[in-house]
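Here's the letter readout for the chains.
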Amino acid sequence: MTENGNTPINVYEKHEWKHKTVVAGVEWKNPVGTASGTFQLAACRWFYDVSQMGAISTKGVSPVPWEGNPGPRTAESPAGMVNAVGLQNPGVDHYLVDELPKLKELGATVVTNVAGHSDDDYAQVVAKLADSPADMLEINVSCPNVSHGGMSVGTDPVALSRLIGHLRKLTSKPMIVKLSPNVTDIALIARAAAEAGADALSLINTLVGMRIDIRTGEPIISNRTGGVSGPAIFPIALGFVWRVRQALPDIPIIGIGGIDSGEKALEFLYAGANAVEVGAAALYDPTAPIRVARELDDLLDSRPELAAKLAAGETWR
Ligand SMILES: Cc1cc2nc3c(=O)[nH]c(=O)nc-3n(C[C@H](O)[C@H](O)[C@H](O)COP(=O)(O)O)c2cc1C
């Protein structure tokens, strides 16, 4: 029972993890994290002990509070959803005195997701996080960016290289660059990020999509288009991870996209990922991240060669 009379559900008791992973020198208790934008401490802590996750990737933080897009912001789609939340968040100053200390106090490994509408936005946030207790930074390069004509920097290797090169000088924290799948050649973009100083890559962010209300003939989401996520994108995301691993044999990779079971997480590990993050699945089953972690922990028991590689910071391929 808590101070407000609620009893936490906490369906998963504490677990002694059998299989850890190492991402860019940072040890995760297990290879499963939460994906940015689908985890909120105030809600998720009722369902599981957040320190039990491999890592918690937080909602993207910007230099000042962002209101996000007007509603409707989401629409259902087969085996998934479309969202245009618009990176609503209370800003980095609030994050530094509220969510981050709470997560660290609870014992979580924290990946702070960084958002920006210009190169300067990103730089301000990264500079403020440099001395914070965040364990890793995850730079979301899919945000529309004014320094780049409203396009996301994640679609242009030259702009991406300039941004990551600049951020690299501002922090010694392990820096993950989160890649957009809305590009022609993901290997080109991945290489640009790696050569500019990324310590790891996470992929994929959402794919551009939309739904239309046939009663009105108008888009359901006020932003018109949004990002597609959920089980529908799983094979696409897996293909992206495969391609990046083929192109860059050494960089740590976090696989994201449509993961809702230990088996799907395992496919990402066999594709060459060091770890995974669970996103949209947590929106219809809040226990999904911890359940996937438990399922994967058991699946790795019978795969000692893969488990040993992950524990040593290596990958299957
Ligand atoms: C509602 C919602 C909000 C999201 N917000 C962010 C965000 O702030 N930063 C980010 O890098 N990715 C964000 N994402 C993308 C997810 O982290 C993830 O990359 C994507 O949804 C694919 O994984 P999934 O199929 O498991 O959801 C968001 C996704 C959803 C569904």
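The structure this text deals with has already been given above.
Just so you know, these numbers come straight off a predicted model, no measurement behind them. (Residues numbered from 1 in each chain as written. Predicted model: local features only at pLDDT ≥ 70, side-chain atom pairs only at ≥ 80, totals over all residues.)

1. A short note on the sheet that holds strand β10 (residues 200–203)
Line of reasoning, step 1. Strand order in the closed barrel formed by eight strands is β3-β4-β7-β8-β9-β10-β15-β16, and the pairing between neighbours is parallel. Mean inter-strand twist for the sheet, computed between neighbouring axes without regard to direction, equals 25 degrees.
Line of reasoning, step 2. Against the sheet, helix α4 (residues 119–129) contacts β7 (110–114) and β8 (136–140), and its axis sits at roughly 155 degrees relative to β7. (Pairing = 2+ DSSP bridges. Helix = DSSP H or I, 4+ residues; strand = E, 2+ residues; numbered from the N terminus. Axes fitted to C-alpha atoms, helices over the stretch in contact; angles between N-to-C directions. Contact = placed C-beta atoms within 7 Å.)

2. Quick notes on the sheet that holds strand β5 (residues 74–77)
Across a sheet, strands are paired by hydrogen bonds formed along the backbone, either parallel or antiparallel in direction.
Line of reasoning, step 1. Spatial strand order, β5-β6-β14-β11: four strands in an open sheet with antiparallel pairing. Each edge of the open sheet carries a strand with a single partner, namely β5 and β11 (207–209). Each strand axis lies, on average, 35 degrees off the axis of its neighbour in the sheet, ignoring direction.
Line of reasoning, step 2. When β11 meets strand β14 (residues 226–229), the two strands line up antiparallel, connected through three bridges. Across the sheet, the residue bridging to V208 is G227, located in β14.

3. Here we look at helix α7 (residues 234–247)
At 3.6 residues per turn, the α-helix brings residues three or four places apart onto the same side.
Line of reasoning, step 1. Here α7 spans 20 Å end to end across 14 residues, near enough to the 20 Å set by a 1.5 Å rise per residue.
Line of reasoning, step 2. In this fold, the buried residues of α7 make contact with α6 (186–196), β10, β15 (253–256) and α8 (262–271). (Expected span 1.5 Å × (residues − 1).)

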